[in-house]
Amino acid sequence: MQRSRLAATFVAAATVAGAAALVAATAHAQTGTSTGLDNNWYASAPYLMPQSNNPPDPVTVMNATGQKAFQLAFILAPKGGGCSPTWDGNSPVSSDTTVGDAINRIRGNGGDVSVSVGGYGGTKLGQTCGTVDATAAAYQQVVTKYNLKALDFDLEEPEYEDTAAIANELGAAKKLQADNPGLFVSVTMPGTAAGTGWFGTQLLDQAKSIGFSPNNFSIMPFDGGFTGGGASQVSALEAFHGLLQSHLGWDSATAYAHEGFSGMNGKSDSSEYFNVSDFQTVYDYATSHHLGRFTFWAVNRDRQCTTTTDNSVCSNVQQNDWDFTKFTTRFAGATPPQTNPPTSSTSNPPGACTAPEWQKTQVYTGGAVVSHNSHKWTAKWWTQGEEPGTTGQWGVWTDNGAC
C-alpha cells in the first residue's frame, strides 16, 4: 500500500532522557483510560497517521464531522531489527508520549482509537518475532500501553507473500482475541477486481484453518485498475463477498456482515480518482448490504489541495475539509454537522484533475475523458496509444484546458 503511508517526512519521535524520565513518560502515556465505544465506531474509524503526513488535530476533525474514533497507523518492527513494537519503525511504543497525548485528547473529547499494525512497506512484527506467541506478546504491549478496545491487522507487502509471517499475524490476532475479551479485530488486505488476489485467498484459508474469525475482513479496492471509481469498487466488494462464502463457508448474510471496505479518498498512487460521489456509491452499497466496516486512507489527506498537490496531505479532488470522514460518521449511525457544498471554480488547483489518468495500453472510445499533464482531454473517436497533447496522425484528443 504505497498511498504515501510510509512517505512520512517529519516523524515527531519523542525523546526520553534517563530512566526516571522514561518511567514518567510511560506513565503519562497511560493516563488516558478508555471505557470503549460501540463497535460501530471502531468499524467506521478512518486511518490517521498521528506523527507524520502533516496530521490534522483530531479534536478539530471530531468536532467538524461527529466522528468519534480513528485508526492510528502504523505499528512496525524496529528498523534496526527486533521484536518490539514501534511507531513507523522509529519510535518505541514503550517510551512513547506523542501518540499517547493524541489518544488522551481524543478520549477527552468523548472518542477512542483503534491501532493499525502493518501497512505497506516496512518490516512487520510477524516477520521478525518468529512465533505466534512472540508476535502476540509484542502486540499485547500496544494493547496494554494504550488500553485498546480495537486493533487492525493491515496485512500487505512485503509480509503479504510470506506464509510464515502471515501465520504469525493471524495466530497472534486469534490469541489477542482470547486474551482480551471483547477486543474488536479487523483484518485489511489488498483488493483486486476479483475481490482479492491469490495471496488474499491464501490468507482466508489460513484463517479458517486455525479457526480465526475477526470482526471483519476488509479489502482495499484501489491502486489496481479501479478507473471506474465507486462502481468498480462495488464490483470488487461483491466479488470478495463470494470469496468469503467459498473460502470460509459462510452464508451470504454472514459474509456481508464480516466484510469491509477500506477505500482511498481522492487521487490514488496509480492516478485513480475517487471523488465524494464515488464514496457515496460505495456507502450506499455498504449500508444496503449491511457490510461490517467502512473506512478509508486517510484523514491526513481529507482536505482539498491548495498550496501543494502532495498526495500524502491533500486529496487532489474538489471537496470541503473532512467530507470523506463524514461518510464514516454516517456509517457509524451518527449525523455529521452540515457544511456548504465545495465552491466550484473555473479550474481546479494545479494537478487536481478528477478524470482518470490516460493509460497508454488502454482502449478509449469517442467521448472518453482522461487527464494528462494537468489537462483534461476528450477522445473524438476510438484510440489506443496516442498520447494526449501530441499531434499524432489524427489529433484524436480535444484539449479541454487545465484542470
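Residues numbered from 1 in each chain as written. Predicted model: local features only at pLDDT ≥ 70, side-chain atom pairs only at ≥ 80, totals over all residues. Heavy atoms only, no water.

**Observations regarding the nonpolar core**
Nonpolar side chains in soluble globular proteins generally cluster together in the buried interior.
Thought 1: Counting residues in hydrophobic clusters, the biggest one holds 82 residues, and the most contacted among them are Ile75, Phe153, Met189, Leu203, Phe217 and Phe294.
Thought 2: Per-element accounting of this core gives the leading share, seven residues, to helix α9 (residues 229-248).
Thought 3: The contact partners of phenylalanine 153, leaving out residues within four places of it in the chain, are Val117, Tyr139, Glu169, Ala173, Leu176, Val185, Ser186, Val187 and Thr188.
Thought 4: Counting residues in hydrophobic clusters, the runner-up holds eight residues, among them Trp358, Ala368, Trp377 and Trp397. (Core = buried A, V, L, I, M, F, W, Y, C linked by side-chain atoms within 4.5 Å. Buried < 20%, exposed > 50% of the residue type's maximum accessible area, 1.4 Å probe, protein only. Helix = DSSP H or I, 4+ residues; strand = E, 2+ residues; numbered from the N terminus. Contact = heavy atoms within 4.5 Å.)

**Some points on the packing of helix α6 (residues 132-146) against helix α7 (residues 163-179)**
Thought 1: It is the contact of α6 with α7, at a shortest axis distance of 8 Å, that shows an interaxial angle of 60°. Relative to α7, α6 is oriented oblique. Of the two elements, α6 crosses α7, and the hand of that crossing is right-handed. Judged by residue contacts, Val132, Asp133, Thr135, Ala136, Tyr139 and Gln140 of α6 engage Ala167, Asn168, Glu169, Gly171, Ala172, Lys175, Leu176 and Asp179 from α7.
Thought 2: Split into classes, the residues belonging to the contact of α6 with α7 amount to six nonpolar, four polar and four charged. (Axes fitted to C-alpha atoms, helices over the stretch in contact; angles between N-to-C directions. Parallel < 35°, antiparallel > 145°, perpendicular 65-115°, else oblique. Left-handed = near helix turned anticlockwise from the far one by under 90°. Nonpolar A, V, L, I, M, F, W, Y, C, P; charged D, E, K, R; others polar.)

**A look at the packing of aromatic side chains**
Thought 1: If you walk through the whole model with that rule in mind, you get 19 aromatic pairs.
Thought 2: A ring pair is formed by tyrosine 160 and phenylalanine 199, whose centres lie 6.0 Å apart and whose planes are at 55°; its orientation type is tilted. Here tyrosine 160, found in the loop between β6 (150-154) and α7, pairs with phenylalanine 199, found in helix α8 (residues 198-209); they are 39 residues apart in sequence, far enough to count as distant.
Thought 3: The class for tyrosine 160 is buried, based on a relative accessible area of 9%.
Thought 4: Geometrically, the ring pair formed by phenylalanine 217 and tryptophan 250 is tilted, given 6.3 Å between the ring centres and 40° between the ring planes. Taken together, the positions of phenylalanine 217 in strand β8 (residues 216-220) and tryptophan 250 in the loop between α9 and α10 (252-257) put the pair 33 residues apart, joining distant regions of the chain. The pair phenylalanine 217 / tryptophan 250 is uniform in exposure class, with both members buried.
Thought 5: Put simply, the rings of Phe261, Phe279, Tyr283, Phe294, Phe296, Phe324, Phe327 and Phe331 pair up and form one aromatic cluster. (Phe/Tyr/Trp six-rings, centres within 6.5 Å; stacked < 30°, edge-to-face > 60°.)

**A look at the confidence of the model for the protein**
Thought 1: Averaged over all residues, the pLDDT of the protein equals 88, while 88% of them reach at least 70.
Thought 2: Segment residues 4-31: pLDDT under 50, and 58 contacts once partners within four positions in sequence are set aside and those in other chains are kept.
Thought 3: Taken together, the stretch residues 343-351 has pLDDT below 50 and engages in 17 contacts with residues farther than four places along the chain or on a different chain. (pLDDT = per-residue confidence, 0-100.)

**Observations regarding the environment of threonine 365**
Thought 1: Along the chain, the position of threonine 365 falls in the loop between β13 (363-364) and β14 (369-372).
Thought 2: Threonine 365 gets classed as partly exposed once you look at its relative accessible area, which sits at 49%.
Thought 3: C-alpha separation for the pair threonine 365 and lysine 380, spaced 15 residues apart in sequence, amounts to 7.6 Å.
Thought 4: Not counting residues within four places of it along the chain, the set of residues in contact with threonine 365 comprises Ala379, Trp381 and Trp382.

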